[in-house]
Amino acid sequence: MVLLETLIRTRPDVFCPRSARPLVVASCVLALKLTTDNCVSTRDCYDAVSDCFTGLSPRLLARVEEQLLELLDWRVPNDPQLY
């Protein structure tokens, strides 16, 4: 949620009905990668949600994740007060 809140605060025009679902999925993947001690690949995340999201591919998931990072200027919030 912190990633989405940061995105909406800095780029409110990006979050709209057609972009909400991809941004939520990308935020979840990025949050999982940042908070897990083990190595988590995009393919692992895709395998976990592929039955819920039709039309999703590992490449698309990776691109959406990269787009989220670009929108955040590759600055992931890590202030403990936010969490």
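So, a few notes on the structure that sits alongside this text. (Residues numbered from 1 in each chain as written. Predicted model: local features only at pLDDT ≥ 70, side-chain atom pairs only at ≥ 80, totals over all residues. Heavy atoms only, no water.)

Side note on a nonpolar patch on the surface
- Together, I8, F15 and V24 make up an exposed nonpolar region whose accessible area comes to about 210 Å².
- Inspection of the secondary structure puts F15 in the loop between α1 (2-10) and α2 (17-35). (Patch = residues over 30% accessible without salt bridge, like charges linked within 9 Å, V, L, I, M, F, W, Y side chains within 5 Å. Areas by Shrake-Rupley, 256 points an atom, 1.4 Å probe, with all protein chains shown as cover. Salt bridge = Lys/Arg side-chain N within 4 Å of Asp/Glu carboxyl O. Helix = DSSP H or I, 4+ residues; strand = E, 2+ residues; numbered from the N terminus.)

Comments concerning the nonpolar core
- Formed by L3, L4, L7, V14, L23, A26, L30, V64, L68, L69, L71 and L72, the largest nonpolar core amounts to twelve residues.
- The greatest single-element share of this core, amounting to four residues, is contributed by helix α4 (residues 58-71).
- Setting aside residues no more than four positions away along its own chain, L7 makes contact with P12, L23, L68, L71 and L72.
- In this structure, V25, C45, Y46 and L61 belong to the second largest nonpolar core, which totals seven residues. (Core = buried A, V, L, I, M, F, W, Y, C linked by side-chain atoms within 4.5 Å. Buried < 20%, exposed > 50% of the residue type's maximum accessible area, 1.4 Å probe, protein only. Contact = heavy atoms within 4.5 Å.)

Considering the packing of α2 against α4
- Where α2 meets α4, the axes come as close as 9 Å, and the angle between the chain directions of the two elements is 85 degrees. By the angle between their directions, the pair α2 and α4 is classed as roughly perpendicular. Seen from α2, the contacting residues are P22, L23, V25, A26, S27, V29, L30 and K33; seen from α4, they are L61, V64, E65, L68, L69 and L71.
- Across the contact of α2 with α4, the residue classes tally to eleven nonpolar, one polar and two charged. (Axes fitted to C-alpha atoms, helices over the stretch in contact; angles between N-to-C directions. Parallel < 35°, antiparallel > 145°, perpendicular 65-115°, else oblique. Nonpolar A, V, L, I, M, F, W, Y, C, P; charged D, E, K, R; others polar.)

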